[in-house]
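# Remarks on the overall topology
So the chains spell out like this:
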Amino acid sequence: MADTLTGPLPQDPDPVPDFPMPRAARCPFDPPPGLKELQERGPLAKVRLWDGSRPWLVTRHADQRALLGDHRVSADTDSPGYPSKAAGDGGDTKFGFIMLDDSEHARLRRMVTAPFAIRRVEALRPVVQDIVDGLVDDMLAGPGPVDLVEAFALPVPSLVICELLGVPYDDHAFFQDNTRTMVHRDATPEQRGRATREIAEYLGGLIGRRLADPRDDLLSGIAGRVRAGEIDHRTATETALLLLLAGHETTANMIALGTLALFHHPDQLALLRDTEDPALVVSAVEELLRYLSITHLGRRRAVTADIEIGGRLIKAGEGVIMANEIANRDPEVFPDPDRLDLTRDARRHVAFGFGVHQCLGQPLARMELQVVYATLYRRIPTLRPAVPLDEIRFKEDAFIYGVHSLPVTW
């Protein structure tokens, strides 16, 4: 990419649309129509945020990957022009290394990389299978209908991340309640800050106990870095907070929303339910990640030096938002992108981001979803929604998209 332009710049469209944009009621699985219109109009557009700022919205797959891999694009929320999601966004506690730039980002990330290596994650597959089977057994043994979110979608990743981190599962209600507040778009800065502090204090206390009494878990590994003087207690707590939040909230929403999407595509549900081909399960997970792209407020960055991309000059100090849900519907990369096709090769999706900041836990998330999607519909082949679509409340009010509840029967 060049740093300067040789010709005149096109003018910004007027009026500048607000972001995020309203979703179409007709299909809650599709990105807002306004995003598709902006993508068809051009690769970049100015949008207006809650505070009146006007960052660039990047809608095309290739441009997002280019920017996410560019060292002139900063993930640090303190960088000039960084487009915040809401008032009080960030606060005193940062979500670990994802809000830092290299080399500090790379140094901290390396400290927790090993447990998420593919080989280590695959060793956990039997544990996840036992968790999933146990929860399905409980559903089948109890009365119906049941809320799939509370009975299955939330417990699966919560149990897994508690096992990995060494967090007592008996405390799962505490951290689920607080993390819901942390990702609630309409929570006040005071509410979000209080929830963040409470869960940070909780994790900080656990790390303190691991300093005195190490165990075979990830929190003990993080505490060991504190003991060795590589990080301080606050950084350790922020890292644990990131792993706990990312380790259950996103996967839980993918389980429930993915199930609902399959209900509304019965041919694809039948294909997945009846298959004995592990490769099709892997393909299905990638396609559902592409199709749903549940982080719907975009990956946000600040530009630290002028960049030309898509025929526009993004200046140093301006913000950019990579709307991954529309990049994952880019017809240049995914033909007929609004169609759910579990046999599609969707591996180039950006649901986990791209570049040095792409999701550390993606091997774990993929494995959990593979186990869930390969087990739930096979074990309960008549699983179906217990209420009409128009009675289901979608998380339009959260940073991570999904459903608040999903009543199911069989």
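Now for a quick tour of the structure. Being a predicted model, the structure only gives us computed values, none of them experimental.

Within strand β5 (residues 299-303), five of the five residues are buried, which leaves it mostly tucked inside the rest of the structure. Residues R299, R301 and V303 of β5 are buried on one face, and the alternating residues R300 and A302, pointing to the opposite face, are buried as well. Judged from the two bridges that link them, strand β3 (residues 73-74) and β5 form a sheet pairing that is antiparallel. Each bridged residue has a counterpart across the sheet, and for S74 the counterpart in β5 is A302. Relative to strand β8 (residues 319-322), β5 runs antiparallel, the two sharing four bridges. Counterpart to R300 in the pairing with β8 is I321.

Looking now at the nonpolar core. The biggest cluster of nonpolar side chains holds 95 residues, and the ones touching the most others in it are F152, V167, I222, L292, Y373, V403 and L406. In terms of residues, this core owes the most to one element, helix α11 (residues 233-263), which gives 16 residues. When neighbours within four sequence positions are excluded, V167 is seen to be in contact with C162, F175, Y202, L203, L206 and L219.

This paragraph deals with the packing of aromatic side chains. Evaluation of the coordinates by the stated rule reveals three aromatic pairs. Taking 5.1 Å as the distance between ring centres and 55° as the angle between the ring planes, the aromatic pair formed by F174 and Y202 counts as tilted. Residue F174 is located in helix α8 (residues 172-182), and its partner Y202 is located in helix α9 (residues 189-212); the two are separated by 28 residues in the primary sequence. The exposure class assigned to Y202 is buried, which follows from its relative accessible area of 15%. Judged by centre distance (6.3 Å) and plane angle (15°), the ring pair of Y373 and Y377 falls under stacked. Of the two residues, Y373 and Y377 both sit in helix α15 (residues 362-379), four residues apart, roughly one turn of that helix. The same class applies to Y373 and to Y377, which are both buried.

This part takes up helix α1 (residues 33-41). Of the residues making up α1, those classed as buried are L35, K36, L38 and Q39. Viewed along the axis of α1, the buried residues span an arc of 160°, placing them on a single side of the element. Exposed residues lying more than 90 degrees from the buried face of α1 are E40 and R41.

On to the packing of helix α7 (residues 155-165) against α11. Running from N to C, α7 and α11 cross one another at 155°; their axes reach a closest spacing of 8 Å. Taken together, α7 and α11 sit at an angle that is classed as roughly antiparallel. When you trace α7 past α11, the crossing you get is right-handed. Judged by residue contacts, V156, P157, S158, I161 and L165 of α7 engage A240, L243, L244, G247, H248, T251, A252 and I255 from α11.

Glancing now at the sheet that holds strand β4 (residues 146-147). Spatially, three strands are ordered β4-β10-β9 in an open sheet, and the strand pairing comes out antiparallel. Only two strands of the sheet have a single neighbouring strand rather than two, namely β4 and β9 (384-385). In terms of strand pairing, β9 meets strand β10 (residues 407-409) through two bridges, oriented antiparallel. Directly across from P385, in β10, lies its bridge partner V408.

Strand order in the open sheet formed by five strands is β1-β2-β8-β5-β3, with mixed pairing between adjacent strands. With partners counted over all chains shown, the strands left at the sheet margins are β1 (44-46) and β3, one partner each.

Further remarks concern the pattern of salt bridges. One pass over the structure, following the stated rule, counts 20 salt bridges. Between E287 and R290 there is a salt bridge, with its nearest N and O atoms 2.8 Å apart. Of this pair, E287 and R290 both sit in helix α13 (residues 278-292), three residues apart, which is roughly one turn of that helix. A relative accessible area of 0% means that E287 is categorised as buried.

Parameters at a glance
Residues numbered from 1 in each chain as written. Predicted model: local features only at pLDDT ≥ 70, side-chain atom pairs only at ≥ 80, totals over all residues. Heavy atoms only, no water. Buried < 20%, exposed > 50% of the residue type's maximum accessible area, 1.4 Å probe, protein only. Helix = DSSP H or I, 4+ residues; strand = E, 2+ residues; numbered from the N terminus. Pairing = 2+ DSSP bridges. Core = buried A, V, L, I, M, F, W, Y, C linked by side-chain atoms within 4.5 Å. Contact = heavy atoms within 4.5 Å. Phe/Tyr/Trp six-rings, centres within 6.5 Å; stacked < 30°, edge-to-face > 60°. Arc of directions from axis to C-beta. Axes fitted to C-alpha atoms, helices over the stretch in contact; angles between N-to-C directions. Parallel < 35°, antiparallel > 145°, perpendicular 65-115°, else oblique. Left-handed = near helix turned anticlockwise from the far one by under 90°. Salt bridge = Lys/Arg side-chain N within 4 Å of Asp/Glu carboxyl O.

Everything listed is a geometric property; what it means functionally is a separate question.
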